[in-house]
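# A look at the structure
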Amino acid sequence: MKFISKFEGPWSTPKEPLDVKTGEWRAQRPVVKDKKCRQCGWCFIYCPAGCIRETEGNFVPDLDYCKGCGVCSYVCPAKAITLVREEF
Amino acid sequence: MSNLLDARGQVRVLDGNRAGAFGVLLSRPDVIASYPITPQTPLLETIYKFEADGLLDASMIEPEGENSAMGILIGACAVGGRTFTATSSQGLSFMNDAYLLAAGNRFPIVMAIAMREQVSPHGVFAGQQDAVLVKDHGWIQLYMESCQEILDSLIMAYRLAEDSDILLPVNVCYEGYYLSHHSQRVEVPRQEDADDFLLPLKSMKRLKWTLDDPMVFSSYTFPPELFTEYRYKMCAAHQRAKGKLDEIDRDFRAKFGRGYGGQIEEYRTEDAEFVIVTMGSATGTARVVVDRKREQGVKLGLIKIRMFRPSPRERLIQALSGKKAVGVIDRSVCYGWNCGHNYIEIKTLLSDLQGPPPKLLDFIAGLGGGDITSDLIERAIDGTLAAAQGKDQPAVTWLSLE
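Residues numbered from 1 in each chain as written. Chains lettered and ligands numbered in written order. Predicted model: local features only at pLDDT ≥ 70, side-chain atom pairs only at ≥ 80, totals over all residues. Heavy atoms only, no water.

Moving on to the overall build of chain A. Regarding its fold elements, chain A presents 2 helices and 5 strands. Helices (α) and strands (β) of chain A occur, in sequence order from the N terminus, as β-β-α-β-β-α-β. For 88 residues, the compact-globule estimate of 2.2 N^0.38 gives 12 Å, and the C-alpha radius of gyration of chain A, at 16 Å, exceeds that figure by more than 25%. Overall size of chain A, expressed as C-alpha extent along the three principal axes, is 55 × 30 × 20 Å. (Helix = DSSP H or I, 4+ residues; strand = E, 2+ residues; numbered from the N terminus. Rg over C-alpha atoms; globule rule 2.2 N^0.38 Å.)

Residue and element names in this part refer to chain B. Ranked by internal contacts, the top residues of the largest apolar core, which has 112 residues, are Ile-47 and Phe-84. Among the elements that take part in this core, helix H7 (residues 147-161) stands out by supplying 10 residues, more than any other. Core analysis: the second largest hydrophobic core is formed by 22 residues, Val-290, Val-298, Leu-302 and Ala-325 among them. (Core = buried A, V, L, I, M, F, W, Y, C linked by side-chain atoms within 4.5 Å. Buried < 20%, exposed > 50% of the residue type's maximum accessible area, 1.4 Å probe, protein only.)

Bringing a nonpolar patch on the surface into the picture now. Among the surface-exposed residues, Trp42(A), Phe44(A), Ile45(A) and Tyr46(A) lie close enough to one another that they form a single nonpolar patch of about 450 Å² accessible area. Owing to a relative accessible area of 43%, Tyr46(A) belongs among the partly exposed residues under this scheme. (Patch = residues over 30% accessible without salt bridge, like charges linked within 9 Å, V, L, I, M, F, W, Y side chains within 5 Å. Areas by Shrake-Rupley, 256 points an atom, 1.4 Å probe, with all protein chains shown as cover. Salt bridge = Lys/Arg side-chain N within 4 Å of Asp/Glu carboxyl O.)

Further remarks concern the layout of surface pockets. Residue and element names in this part refer to chain B. One number sums up the size of the largest pocket: a volume of about 700 Å³. Together, 29 residues line the largest pocket, and Gly-104, His-137, Gly-138, Arg-231 and Met-234 are the ones closest to its centre. For the lining of the largest pocket, the secondary-structure elements that each account for two or more residues are helix H5 (96-104) and helix H9 (224-256). Counting residues per element, the lining of the largest pocket draws most heavily on H9, at 8 residues. The class makeup of the residues in the lining of the largest pocket is 10 nonpolar, 11 polar and 8 charged. (1 Å grid on protein atoms, 1.4 Å probe; cavity = no way out; pocket = protein on both sides within 12 Å on 5 of 7 lines; lining within 4 Å. Points joined across faces, edges and corners; volume = space filled by probe spheres on them. Nonpolar A, V, L, I, M, F, W, Y, C, P; charged D, E, K, R; others polar.)

Here it is as structure tokens:
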């Protein structure tokens, strides 16, 4: 019997995640203009995938998991997030 | 001053819900999330009273519905907590996707189901349709005969669920009203004995999410080989759970002097030529009828199915081999098959039995809260005996419609 996971259930560790990089499904990516960002965190709160990461300076989408839905851009009161079409 | 409510270490007259509440109290759960639904409600009410009176140290959470209740327990279980909830009928349906998530993620949640007929037609009365409907959702399901068995099985359920070889959620199922609201003599174990019985779990490894050591769970699974691997591992755990329950039952008997046979209980089957199969509260009545038939010289025995999921196939094959006729009493129906669930389950074993296969008949009884009386059971037995003598009998008899 050949197994991929060392765990009994569908669990893994953040270092060796056994999951689907949902970012591969993305057709458009959010780009944050650092100068405009007021660090209010609305994108962080609203992101349905929970993939906005808080950094020291501002908020950054985790492109491994961001599906490009655009909610962050829509809710941003500073209009600091724009969506840019992905090239395939 | 001693608390009158605290019956630990005493013999009391308790209904099934209250007996179950003591099983939960004795198992020391960390988190209880609950939403009321008849006939389960007094079970959770009693647990709330335990907490209010300081007997139980657990987080009590009242969400807006059953789906959230199960969701909360999934979170509590992910961080290593011991959890409990209970539901019935439509409540069970309403938590369906969280119910599936709990099993698939291998969270050892224990949940009581006070079984009630499932819609439609609408009815709040006893049945088994609600619990048997979810038999393929990955939970272990144990079915109860008495109030004492409910209490004892809840403690055993934690030993089974949280065992590092198993890690599966467990349902303790008992018919609404017949057990949930019916009072019987119940021996309530002492706390130190229950603690001692659950002690082996303390040294067992369990998947656990902590802030220092976070884990990923319930993410999208790909490639298909990994998905298949998780399914395979869960099937293997179900296979292991069968022998594990027998083992836990033997341990329980050694400690408390009461045992239930593990996956199935055989009653007067050693020299029996004919057998009736029951599951749930009707078993007690069936024992009396078997005794009566034995006095008349009929070589009759009884098999009680305790573990419905995983299927106790191997034990049933052993128990049913060499019998001339088997009558199954079912308190549920399977659409498209025109019979009950246990009839189908046993039918699939016939070709694996040693010797010539027995005649197999199904008797549907007790739907919509109907009594499964000794008279109905006697008719089921007489039909089974007639089939063994070569008389033409229908494969499925709807007892209350005859």
